[in-house]
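Overview (structure and organization)
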Amino acid sequence: MKNTSRASAVCTTQRAASILGISVSSVQRLVEAGAIGAWKTRGGHRRLPLAEVLAYKAQPGHQLLEPGQSDHLRILMIEGNAERREQFQRRYSQWHLPATLEFCSNIYQAMLELARQQPDLLLVDLESNGINGCIMLNTLVGDSKLWTMHIVILSEYDAATLAERGILPQGTVFFGRTVKAEELRDYLQARCTQQVRSSALQTAAPLPLSEAATPSCKQQGHAPLAQSMPLSNGAMPGVA
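The text that follows walks through the structure, step by step, so that each part is easy to find. For clarity, every value in this text was computed on a predicted model and none was experimentally measured.

Basis of the calculations
- Residue numbers run consecutively from 1 along every chain, following the written order of its sequence.
- Restriction of local features to residues with pLDDT of at least 70 applies here, the model being predicted, together with a cutoff of 80 or more for giving and counting side-chain atom pairs; totals for whole chains, interfaces and linings are based on all residues.
- Only hydrogens and water are set aside when side-chain values are computed; all heavy atoms of the structure are taken into account.
- Two strands qualify as a pair provided DSSP detects at least 2 bridges between them.
- A run of H or I in DSSP counts as a helix once it spans at least four residues, and a run of E counts as a strand once it spans at least two, with each numbered from the N terminus.
- In this analysis, axes come from line fits to C-alpha atoms, helices being fitted only over the stretch in contact, and the angle between any two N-to-C directions falls in the range 0 to 180 degrees.
- We call two residues in contact when some of their heavy atoms are within 4.5 Å.
- With a 1.4 Å probe rolled over the protein chains alone, any residue whose accessible area is under 20% of its type maximum counts as buried; one over 50% counts as exposed, and the rest are partly exposed.
- Between N or O atoms, a polar contact is any pair within 3.5 Å; within protein, one atom must be a potential hydrogen donor and the other a potential acceptor, and residues adjacent in sequence are included only when both atoms are from side chains.

**Here we look at the sheet that holds strand S6 (residues 121-125)**
Read across the sheet, five strands follow the order S5-S4-S6-S7-S8 without closing on themselves; strand pairing throughout is parallel. Looking at which strands have only one partner, the edges of the open sheet turn out to be strand S5 (99-104) and strand S8 (173-176). Going across the sheet, the axis of each strand differs from the next one's by a mean of 20°, ignoring polarity. Judged from the four bridges that link them, strand S7 (residues 150-155) and S8 form a sheet pairing that is parallel. The partner of serine 155 across the bridge, within S8, is glycine 176. Packed on one face of the sheet, helix H5 (residues 82-95) meets strand S4 (73-78), S5 and S6 and runs near 175° to S5. Strands in contact with helix H6 (residues 107-116) are S4 and S5; relative to S4, the strand with the most contacts, it is inclined by about 155°.

Below you can see the structure in the form of C-alpha coordinates.
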(Lines give C-alpha, C1' and ligand atoms only; values in the text may rest on other atoms or scores of the structure.)
Protein backbone atom coordinates (compact mmCIF):
# COMPACT_ATOMS: atom_id res chain seq x y z
CA MET A 1 0.00 0.00 0.00
CA LYS A 2 2.88 2.31 0.81
CA ASN A 3 4.47 1.75 -2.62
CA THR A 4 1.14 2.39 -4.34
CA SER A 5 0.75 5.72 -2.55
CA ARG A 6 4.28 6.72 -3.49
CA ALA A 7 3.69 5.78 -7.14
CA SER A 8 0.47 7.77 -7.32
CA ALA A 9 2.31 10.85 -6.06
CA VAL A 10 4.53 10.97 -9.16
CA CYS A 11 3.93 10.68 -12.88
CA THR A 12 5.76 10.15 -16.14
CA THR A 13 6.25 12.91 -18.71
CA GLN A 14 3.65 11.13 -20.84
CA ARG A 15 1.05 11.29 -18.08
CA ALA A 16 1.98 14.90 -17.30
CA ALA A 17 1.51 15.77 -20.98
CA SER A 18 -1.96 14.20 -20.88
CA ILE A 19 -2.88 16.12 -17.71
CA LEU A 20 -1.66 19.45 -19.10
CA GLY A 21 -2.95 18.88 -22.63
CA ILE A 22 0.45 19.51 -24.26
CA SER A 23 3.10 17.34 -25.92
CA VAL A 24 5.71 15.27 -24.13
CA SER A 25 8.47 17.49 -25.56
CA SER A 26 6.73 20.55 -24.11
CA VAL A 27 6.66 18.89 -20.69
CA GLN A 28 10.36 18.16 -21.02
CA ARG A 29 11.00 21.80 -21.84
CA LEU A 30 9.03 22.92 -18.79
CA VAL A 31 11.23 20.68 -16.67
CA GLU A 32 14.38 22.03 -18.31
CA ALA A 33 13.11 25.56 -17.66
CA GLY A 34 12.58 24.76 -13.98
CA ALA A 35 8.82 25.38 -14.18
CA ILE A 36 8.10 21.85 -12.91
CA GLY A 37 10.46 19.85 -10.72
CA ALA A 38 11.59 16.39 -11.76
CA TRP A 39 14.15 13.68 -11.18
CA LYS A 40 15.35 10.60 -12.99
CA THR A 41 15.09 7.00 -11.88
CA ARG A 42 18.10 4.74 -11.85
CA GLY A 43 16.98 3.56 -15.26
CA GLY A 44 17.16 7.12 -16.61
CA HIS A 45 13.41 7.74 -16.84
CA ARG A 46 12.12 11.13 -15.76
CA ARG A 47 9.53 11.39 -13.01
CA LEU A 48 7.52 14.46 -12.00
CA PRO A 49 5.75 15.18 -8.70
CA LEU A 50 2.04 14.96 -9.47
CA ALA A 51 1.35 17.85 -7.09
CA GLU A 52 3.65 20.16 -9.11
CA VAL A 53 2.02 19.13 -12.39
CA LEU A 54 -1.43 19.87 -11.00
CA ALA A 55 -0.22 23.16 -9.49
CA TYR A 56 1.19 24.22 -12.85
CA LYS A 57 -2.09 23.30 -14.55
CA ALA A 58 -3.96 25.51 -12.10
CA GLN A 59 -1.94 28.54 -13.17
CA PRO A 60 -3.68 30.89 -15.64
CA GLY A 61 -2.58 30.32 -19.22
CA HIS A 62 -0.52 27.23 -18.43
CA GLN A 63 -0.68 25.65 -21.87
CA LEU A 64 2.18 26.11 -24.30
CA LEU A 65 1.86 26.64 -28.01
CA GLU A 66 3.16 23.57 -29.81
CA PRO A 67 5.98 23.75 -32.37
CA GLY A 68 4.97 22.99 -35.94
CA GLN A 69 7.47 20.15 -36.38
CA SER A 70 8.60 18.28 -33.29
CA ASP A 71 11.77 16.87 -34.86
CA HIS A 72 12.77 20.03 -36.74
CA LEU A 73 13.86 23.22 -35.07
CA ARG A 74 11.55 26.06 -36.09
CA ILE A 75 13.47 29.32 -36.45
CA LEU A 76 11.78 32.70 -36.80
CA MET A 77 13.92 35.70 -37.75
CA ILE A 78 12.89 39.33 -37.40
CA GLU A 79 14.81 41.12 -40.13
CA GLY A 80 13.51 44.33 -41.67
CA ASN A 81 16.28 44.73 -44.23
CA ALA A 82 15.42 42.84 -47.43
CA GLU A 83 19.04 42.61 -48.55
CA ARG A 84 20.17 41.12 -45.25
CA ARG A 85 17.26 38.66 -45.38
CA GLU A 86 18.47 37.45 -48.77
CA GLN A 87 22.07 37.24 -47.54
CA PHE A 88 21.10 35.25 -44.49
CA GLN A 89 18.84 32.94 -46.52
CA ARG A 90 21.67 32.16 -48.95
CA ARG A 91 24.09 31.38 -46.16
CA TYR A 92 21.51 29.39 -44.19
CA SER A 93 20.67 27.21 -47.22
CA GLN A 94 24.32 26.15 -47.35
CA TRP A 95 24.24 24.82 -43.79
CA HIS A 96 21.62 22.10 -44.50
CA LEU A 97 20.25 22.19 -40.97
CA PRO A 98 17.29 20.03 -39.87
CA ALA A 99 15.26 23.18 -39.28
CA THR A 100 12.73 25.48 -40.89
CA LEU A 101 13.44 29.19 -41.26
CA GLU A 102 10.79 31.88 -41.58
CA PHE A 103 11.14 35.66 -41.73
CA CYS A 104 9.13 38.55 -40.36
CA SER A 105 9.97 42.03 -41.60
CA ASN A 106 8.86 43.78 -38.39
CA ILE A 107 7.95 43.13 -34.79
CA TYR A 108 4.22 43.38 -35.46
CA GLN A 109 4.29 40.50 -37.92
CA ALA A 110 6.43 38.57 -35.46
CA MET A 111 3.94 39.04 -32.65
CA LEU A 112 1.15 37.70 -34.85
CA GLU A 113 3.29 34.69 -35.73
CA LEU A 114 4.16 34.09 -32.08
CA ALA A 115 0.46 34.08 -31.26
CA ARG A 116 -0.24 31.53 -34.00
CA GLN A 117 2.62 29.17 -33.28
CA GLN A 118 5.60 29.53 -30.99
CA PRO A 119 8.97 29.00 -32.71
CA ASP A 120 11.75 27.11 -30.98
CA LEU A 121 14.25 29.88 -31.64
CA LEU A 122 13.84 33.59 -32.36
CA LEU A 123 16.55 35.57 -34.16
CA VAL A 124 16.25 39.34 -33.67
CA ASP A 125 18.21 41.90 -35.70
CA LEU A 126 17.89 44.97 -33.50
CA GLU A 127 19.13 47.55 -35.99
CA SER A 128 16.71 46.70 -38.78
CA ASN A 129 13.32 46.90 -37.14
CA GLY A 130 12.82 50.44 -35.92
CA ILE A 131 11.46 49.21 -32.59
CA ASN A 132 12.23 49.61 -28.92
CA GLY A 133 14.42 46.57 -28.45
CA CYS A 134 14.55 46.97 -24.68
CA ILE A 135 10.78 46.73 -24.25
CA MET A 136 10.37 43.95 -26.81
CA LEU A 137 13.13 41.66 -25.53
CA ASN A 138 12.34 42.09 -21.85
CA THR A 139 8.67 41.41 -22.59
CA LEU A 140 9.50 38.21 -24.47
CA VAL A 141 11.94 36.95 -21.84
CA GLY A 142 9.48 37.74 -19.04
CA ASP A 143 6.53 35.90 -20.64
CA SER A 144 6.07 32.52 -18.95
CA LYS A 145 4.42 31.11 -22.07
CA LEU A 146 7.66 31.66 -23.99
CA TRP A 147 10.04 30.07 -21.48
CA THR A 148 11.00 27.34 -23.90
CA MET A 149 11.83 29.70 -26.78
CA HIS A 150 15.50 30.56 -27.25
CA ILE A 151 16.23 34.17 -28.21
CA VAL A 152 19.30 35.19 -30.19
CA ILE A 153 20.19 38.87 -30.62
CA LEU A 154 22.12 40.17 -33.62
CA SER A 155 23.52 43.69 -33.33
CA GLU A 156 26.27 45.94 -34.66
CA TYR A 157 26.82 47.20 -31.11
CA ASP A 158 28.91 45.30 -28.59
CA ALA A 159 27.41 43.42 -25.65
CA ALA A 160 28.50 46.02 -23.09
CA THR A 161 26.73 48.84 -24.95
CA LEU A 162 23.50 46.85 -25.26
CA ALA A 163 23.65 45.81 -21.60
CA GLU A 164 23.96 49.46 -20.54
CA ARG A 165 20.81 50.23 -22.52
CA GLY A 166 18.96 47.29 -20.99
CA ILE A 167 18.64 45.56 -24.36
CA LEU A 168 20.52 42.40 -23.43
CA PRO A 169 18.31 40.55 -20.93
CA GLN A 170 19.81 37.68 -19.02
CA GLY A 171 18.79 34.47 -20.72
CA THR A 172 19.44 35.64 -24.29
CA VAL A 173 22.32 34.82 -26.62
CA PHE A 174 24.22 37.64 -28.31
CA PHE A 175 26.05 37.60 -31.64
CA GLY A 176 27.79 40.79 -32.74
CA ARG A 177 28.23 41.66 -36.38
CA THR A 178 31.89 40.68 -36.16
CA VAL A 179 31.05 37.07 -35.36
CA LYS A 180 31.96 34.46 -37.93
CA ALA A 181 28.94 32.98 -39.67
CA GLU A 182 30.31 29.54 -38.84
CA GLU A 183 29.91 30.25 -35.12
CA LEU A 184 26.25 31.07 -35.59
CA ARG A 185 25.89 27.94 -37.73
CA ASP A 186 27.46 25.80 -34.99
CA TYR A 187 25.12 27.29 -32.39
CA LEU A 188 22.06 26.56 -34.55
CA GLN A 189 23.35 23.05 -35.26
CA ALA A 190 23.60 22.39 -31.53
CA ARG A 191 20.02 23.54 -31.06
CA CYS A 192 18.87 21.31 -33.93
CA THR A 193 20.60 18.31 -32.36
CA GLN A 194 18.91 19.03 -29.05
CA GLN A 195 15.55 19.23 -30.80
CA VAL A 196 16.01 15.88 -32.55
CA ARG A 197 17.00 14.20 -29.29
CA SER A 198 14.01 15.70 -27.49
CA SER A 199 11.69 14.42 -30.21
CA ALA A 200 13.23 10.95 -30.02
CA LEU A 201 12.51 10.80 -26.29
CA GLN A 202 8.80 11.08 -27.03
CA THR A 203 8.82 7.58 -28.49
CA ALA A 204 10.59 6.03 -25.49
CA ALA A 205 8.24 3.80 -23.51
CA PRO A 206 7.94 5.05 -19.90
CA LEU A 207 8.13 2.65 -16.97
CA PRO A 208 4.81 1.73 -15.29
CA LEU A 209 3.95 4.00 -12.41
CA SER A 210 4.44 1.13 -9.96
CA GLU A 211 8.10 1.05 -11.01
CA ALA A 212 8.67 4.72 -10.31
CA ALA A 213 11.75 4.48 -8.15
CA THR A 214 12.70 6.65 -5.24
CA PRO A 215 14.27 9.78 -6.71
CA SER A 216 17.99 9.22 -7.00
CA CYS A 217 18.88 12.77 -7.89
CA LYS A 218 16.75 15.91 -7.87
CA GLN A 219 17.18 17.67 -11.18
CA GLN A 220 17.97 21.32 -10.81
CA GLY A 221 15.97 23.62 -13.09
CA HIS A 222 17.84 26.09 -15.25
CA ALA A 223 17.02 29.01 -17.44
CA PRO A 224 15.64 27.85 -20.81
CA LEU A 225 17.65 30.45 -22.65
CA ALA A 226 21.41 30.49 -22.56
CA GLN A 227 22.89 33.38 -20.58
CA SER A 228 23.81 36.41 -22.65
CA MET A 229 26.94 35.34 -24.44
CA PRO A 230 28.95 37.82 -26.51
CA LEU A 231 31.04 36.31 -29.27
CA SER A 232 33.58 38.07 -31.41
CA ASN A 233 35.91 38.04 -34.43
CA GLY A 234 35.25 37.13 -38.03
CA ALA A 235 32.60 38.15 -40.52
CA MET A 236 29.04 39.30 -39.97
CA PRO A 237 26.66 36.35 -39.49
CA GLY A 238 24.69 35.44 -42.55
CA VAL A 239 26.84 37.51 -44.90
CA ALA A 240 28.95 35.74 -47.48
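**What about the pairing of S6?**
Burial within S6 is extensive, with five of its five residues counted as buried. The alternating pattern of S6 places Leu121, Leu123 and Asp125 and Leu122 and Val124 on opposite faces, both of which are buried. Sheet topology places S4 next to S6; four bridges connect them, and they run parallel. Its bridge partner lying in S6, isoleucine 78 is registered against valine 124. By the bridge criterion, five bridges tie S6 to S7 in an arrangement that is parallel. Looking at the pairing, leucine 123 lines up with valine 152 of S7.

**Quick look at the side chain of serine 155**
If you trace the backbone, serine 155 turns up in strand S7. A polar side-chain atom of serine 155 sits 3.0 Å from the main-chain amide nitrogen of tyrosine 157.

Just geometry here; none of it tells us what the structure is for.
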